[in-house]
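So the chains spell out like this:
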Amino acid sequence: MAGLILKHIYKKYPGGFVAVTDVDFEIKDKEFIILVGPSGCGKSTTLRMIAGLEEISEGELYIGDRLVNDIAPKDRDIAMVFQNYALYPHMTVFDNMAFGLKLRKVPKDEIERKVNEAAKILDLSHLLERKPKAMSGGQRQRVAMGRAIVRSPQVFLLDEPLSNLDAKLRAQMRTEISKLHKKLGTTFIYVTHDQTEAMTLGDRIVVMKDGFIQQIDTPQALYEHPVNQFVAGFLGSPQMNFIDAVLKDDLGQYVVEFGSEDSRTQKGVKYQIIVPESKVNRELANYVNKEIVLGIRPESVHDEEMYISSATTGIISCTVEITEMMGAETYLYLNCEGIPITARVSSRSTAKPQDVIQVALDPNRIHIFDKETEKTIVS
């Protein structure tokens with residue numbers, strides 16, 4: 001088994017386009033690490049450089065103790081699973097899984113043992129004589145993974161392996177991939193644009209944007225302490241609410257103020273939320289009377305009377321525009337003085353479109369961002 005070290009890696013194309021800039025981090029042995037970000041952020045290019053399918057323009061890549069920049073993909077001891085399965089349609093499941101081993105002149109009895117072992121792990125034993133066209137998408141994806149498992153690689157690379165599956169199958173396969181990682185005890189590097197996959201599967205997540213790494217941390221740490229507005233907005237569903245605001249100092253208390261009051265006509269409403277003592281830091285003093293961005297996640301916007309009656313700050317009045325019943329919970333899409341706010345509330349909520357309701361923003365769960373740089377000031 002092996003860890004990986006990516007040292008200041010760049011991918012530059014002819015014409016000057018830089019797809020990946022200064023990717024520099026370490027992946028521990030047996031770690032499940034996720035590369036996540038929107039389309040074109042450089043995550044698949046990074047994976048392909050690890051696989052050897054893309055040349056590294058600058059920097060060094062180590063798998064275990066070995067520098068592999070100039071080592072061919074087949075000699076890197078890695079296995080890759082693609083989103084389109086890449087199965088041979090004319091071959092049975094057994095032959096698809098055995099193909100790579102046959103090329104390596106592995107003895108026949110060893111091939112049989114390895115394929116049967118992998119088939120058992122992936123619940124494919126009863127399908128070994130079938131051809132891909134007679135199988136579901138989820139079964140085909142398991143065959144593609146089986147083909148990787150039989151090679152006993154040091155590192156598994158998975159490039160958006162679930163993106164062709166429907167929502168129910170994706171959820172099922174997420175669980176299976178997680179179990180598989182624990183069973184095999186191998187290093188997994190997994191690329192996805194789906195933040196749910198990233199949050200549920202990874203030991204650590206690498207968030208990328210425009211070829212740059214934004215933040216690397218555990219799912220919980222990224223969710224609770226994003227380093228900037230992009231990371232805060234990318235992780236979480238529905239995404240975090242962002243509200244343009246101003247930071248005030250009210251007799252030694254920091255207050256975030258937002259709304260639409262017109263200073264000449266006094267029309268509209270100004271809302272305030274006091275920054276709790278636990279969230280106050282030295283940096284805040286630099287932002288007094290300056291524009292900032294207030295961030296709050298939908299689950300921290302409450303419409304329960306019990307919560308509102310006990311709240312001492314952050315109570316706002318909104319018009320309900322849309323309600324989405326999600327079964328165990330309801331999403332409320334609200335309008336507060338022209339500011340769109342999403343609330344994730346109990347399914348018992350009675351709010352209906354066009355209702356004017358009060359909601360309370362939990363001050364202990366607020367985030368504050370620099371309006372210019374989008375860096376986190378408070379999280």
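Look a little higher up for the structure.
(A) A look at the packing of aromatic side chains. Under the definition given, this model contains 8 aromatic pairs. Taken together, the ring pairs in this structure connect Phe-32, Phe-156, Phe-188 and Tyr-190 into an aromatic cluster. Sitting over the ring of Tyr-13, Lys-11 keeps its end group 5.0 Å from the ring centre. One residue, Arg-297, lies across the ring of Tyr-223, its end atom 3.9 Å from the ring centre.

(B) View of the packing of helix H4 (residues 137-149) against helix H5 (residues 167-184). At a closest axis distance of 11 Å, the pairing of H4 and H5 adopts a crossing angle of 20°. One finds that H4 runs roughly parallel with respect to H5. Relative to H5, H4 is oriented so that their crossing is right-handed. Each of Gly-138, Gln-141, Arg-142, Met-145 and Ile-149 in H4 lies in contact with H5, whose residues at this interface are Leu-169, Met-173, Glu-176, Ile-177, Leu-180 and Leu-184. Of the residues in the contact of H4 with H5, the class split is 7 nonpolar, 2 polar and 2 charged.

(C) Representation of the sheet that holds strand E20 (residues 367-370) in the model. Spatial ordering of the open sheet is given by E13-E12-E11-E14-E20-E21, a layout of 6 strands whose pairing is antiparallel. The open sheet has two edge strands, strand E13 (270-274) and strand E21 (376-378), and neither has a second partner. Pairwise comparison of adjacent strand axes, ignoring direction, gives a mean angle of 40° for this sheet. Examined bridge by bridge, E20 and E21 share 2 bridges and lie antiparallel to one another. Bridge pairing in E21 links Ile-368 to Val-378.

(D) Representation of the sheet that holds strand E7 (residues 155-159). Spatially, the 6 strands line up as an open sheet ordered E6-E7-E8-E3-E9-E10, and their pairing is mixed. With one partner strand each, in any of the chains shown, strand E6 (78-81) and strand E10 (212-217) form the two edges of the open sheet. Within the sheet, the average angular offset between the axes of one strand and its neighbour, ignoring direction, is 15°. Two strands pair when backbone bridges link them, and strand E9 (residues 204-209) and E10 are joined in this way by 5 bridges, in the antiparallel orientation. Bridge assignment links Ile-205 to a residue of E10, and that residue is Asp-217. Each of strand E3 (32-36), E7 and strand E8 (187-192) is contacted by H5, which is oriented at about 160° to E8, the strand it contacts most.

(E) Geometry of helix H2 (residues 93-103). By the burial criterion, the buried members of H2 are Val-93, Phe-94, Asn-96, Met-97, Ala-98, Gly-100 and Leu-101. If you follow the buried residues of H2, they end up packed against helix H3 (108-121) and H4.

(F) A look at the pairing of E9. Counting buried residues in E9 gives 5 out of 6 residues, a clear majority hidden from the surface. Judged from the 4 bridges that link them, E3 and E9 form a sheet pairing that is parallel. Pairing of Val-36 across the sheet is with Val-207, part of E9. Remark: 2 residues form the turn of the hairpin made by E9 and E10, two consecutive strands paired antiparallel; Asp-210 in that turn has positive phi of roughly 50°.

(G) Expanded view of the pattern of salt bridges. One pass over the full model with this rule turns up 12 salt bridges. Ionic pairing is found between Lys-114 and Glu-110, a salt bridge with its closest N-O pair at 3.7 Å. Of this pair, Lys-114 and Glu-110 both sit in helix H3, 4 residues apart, roughly one helical turn. Look at Lys-114 and you get buried, because its relative accessible area is 18%. Of the charged contacts in the structure, one is a salt bridge between Arg-113 and Glu-117, with a shortest N-O distance of 3.2 Å. Separated by 4 residues within a single helix, Arg-113 and Glu-117 lie in helix H3, roughly one turn from each other. When its relative accessible area of 42% is taken as the criterion, Arg-113 is described as partly exposed. A relative accessible area of 44% means that Glu-117 is categorised as partly exposed. Members of the salt-bridge network, linked through shared partners, are Lys-11, Arg-48 and Glu-54.

(H) Spatial organisation of the packing of H2 against H3. At their nearest, the axes of H2 and H3 sit 10 Å apart, and the two run at 135° to each other. Taken together, H2 and H3 sit at an angle that is classed as oblique. Seen along the crossing, H2 lies across H3 with a hand that is right-handed. Contact with H2, carried on its side by Phe-94, Met-97, Ala-98, Leu-101 and Lys-102, involves Ile-111, Glu-112, Lys-114, Val-115, Ala-118 and Ala-119 of H3 and no other residues of that element.

(I) Representation of the environment of Ser-163 within the structure. Within the element layout of this structure, Ser-163 appears in the loop between E7 and H5. Remark: the alpha-carbon pair of Ser-163 and Pro-107, spanning 56 residues in sequence, is separated by 35 Å.

(J) Fine view of the environment of Asp-65. Tracing the backbone through its elements, the reader meets Asp-65 in the loop between strand E4 (58-63) and strand E5 (66-67). On the basis of relative accessible area, Asp-65 is assigned to the exposed category, the value being 80%. Note: C-alpha distance between Asp-65 and Ile-5 (60 residues apart in sequence) is 9.0 Å.

Scoring rules and cut-offs
Position numbers for residues start from 1 in each chain and track the written sequence from start to end. Reporting in this predicted model follows two pLDDT cut-offs: at least 70 for local features of residues, and 80 or more for side-chain atom pairs to be given and counted; totals over whole chains, interfaces and linings ignore these cut-offs and use all residues. Values reported for side chains reflect all heavy atoms of the structure, with hydrogen atoms and water molecules removed beforehand. Put simply, two rings from Phe, Tyr or Trp (the six-membered ring, in Trp's case) pair if the centres are within 6.5 Å, and we call them stacked under 30 degrees between planes, edge-to-face over 60, tilted for the rest. Two thresholds decide whether a charge sits over a ring: the Lys NZ or Arg CZ must be within 6 Å of the ring centre and within 35 degrees of the ring normal. Between N-to-C directions, angles span 0 to 180 degrees; the directions come from axes that are lines fitted to C-alpha atoms, helices contributing only their stretch in contact. Numbering of helices and strands runs from the N terminus, with a helix taken as a DSSP run of H or I at least four residues long and a strand as a DSSP run of E at least two residues long. Angles below 35 degrees are treated as roughly parallel, those above 145 as roughly antiparallel, those between 65 and 115 as roughly perpendicular, and all remaining angles as oblique. When the near helix sits turned anticlockwise from the far one by under a right angle, the crossing is termed left-handed; a clockwise turn instead gives a right-handed crossing. Note on contacts: a residue pair is in contact if any heavy atoms of the two residues lie within 4.5 Å. Just so you know the grouping, Ala, Val, Leu, Ile, Met, Phe, Trp, Tyr, Cys and Pro go in nonpolar, Asp, Glu, Lys and Arg go in charged, and all remaining residues, Gly too, go in polar. For two strands to pair, DSSP has to find at least two bridges joining them. Using a 1.4 Å probe on the protein chains alone, a residue whose accessible area is under 20% of its type maximum counts as buried, one over 50% counts as exposed, and one in between counts as partly exposed. Any Lys or Arg side-chain nitrogen found within 4 Å of a carboxyl oxygen on Asp or Glu counts as a salt bridge.

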